[in-house]
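Fold and contact review
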Amino acid sequence: MKTGFNGFNENCLTFPVTSKLAPGTIVSFGSDGKVKKASEDDIFFGVVKNGDSEYATIMVCGAVELPCDSTVDVGYMGLSVTSTGKLCDGLNNKLRLVLSVDSTAGKAVIIL
């Protein structure tokens, strides 16, 4: 049997965006108050579900699978984003619960 987390406590909000963002993009707020792709070391708050060039629906709570580098491990971790858009260890960032890591595929399931 495989463990599944889809749909767990999933909550989404719609925000204006700086430009069209692809589903699965990790996001943060820009200085203009619009949502943008999270830059290296930004404190991210969600992941794009869908959208267009003006607005995007952002998953702000729930379990999500995201690309990660080799510094991510199971348990509570401060997480950040690399320049290539992968999760990485970010000691001083918000603690997130990492539920699973597939180091072969370079993916992790976290709770936002």
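The structure reproduced in this document is the subject of the present report. Source: prediction; values computed, not measured. (Residues numbered from 1 in each chain as written. Predicted model: local features only at pLDDT ≥ 70, side-chain atom pairs only at ≥ 80, totals over all residues. Heavy atoms only, no water.)

Quick look at the overall build of the protein now. Each helix and strand counted, the protein has 0 helices and 10 strands in total. Beginning at the N terminus, the succession of helices and strands in the protein can be written as β-β-β-β-β-β-β-β-β-β. Here the protein has a C-alpha radius of gyration of 13 Å; the compact-globule value for 112 residues is 13 Å, and the two agree. Considering only C-alpha atoms, the protein reaches an extent of 40 × 30 × 20 Å along its principal axes. Sorting the 112 residues of the protein into buried and exposed places 42% on the buried side. Counting only contacts in the protein whose residues sit at least 6 apart along the sequence, the fraction spanning at least 24 positions is 46%. Counting every atom, the protein has about 6400 Å² of accessible surface; 51% of that belongs to carbon and sulfur. When the 10 basic and 12 acidic side-chain charges of the protein are each reduced to a single mean position, those positions are 4 Å apart. (Helix = DSSP H or I, 4+ residues; strand = E, 2+ residues; numbered from the N terminus. Rg over C-alpha atoms; globule rule 2.2 N^0.38 Å. Buried < 20%, exposed > 50% of the residue type's maximum accessible area, 1.4 Å probe, protein only. Contact = heavy atoms within 4.5 Å. Areas by Shrake-Rupley, 256 points an atom, 1.4 Å probe, with all protein chains shown as cover. Lys, Arg positive; Asp, Glu negative; His and termini not counted. Charge placed at Lys NZ, Arg CZ, Asp CG, Glu CD.)

Further remarks concern the packing of aromatic side chains. Going through the model one piece at a time under the given rule, you end up with 3 aromatic pairs. Aromatic pair Phe15 and Phe29: ring centres 5.4 Å apart, planes at 85°, arrangement edge-to-face. Taken together, the residues span a long stretch of sequence, with Phe15 in strand 1 (residues 11-16) and Phe29 in strand 2 (residues 26-29) at a distance of 14 residues. The class of Phe15 is buried, set by a relative accessible area of 17%. Taking the relative accessible area as the measure of exposure, Phe29 reaches 42% and is therefore partly exposed. Judged by centre distance (4.5 Å) and plane angle (0°), the rings of Phe29 and Phe45 are stacked. (Phe/Tyr/Trp six-rings, centres within 6.5 Å; stacked < 30°, edge-to-face > 60°.)

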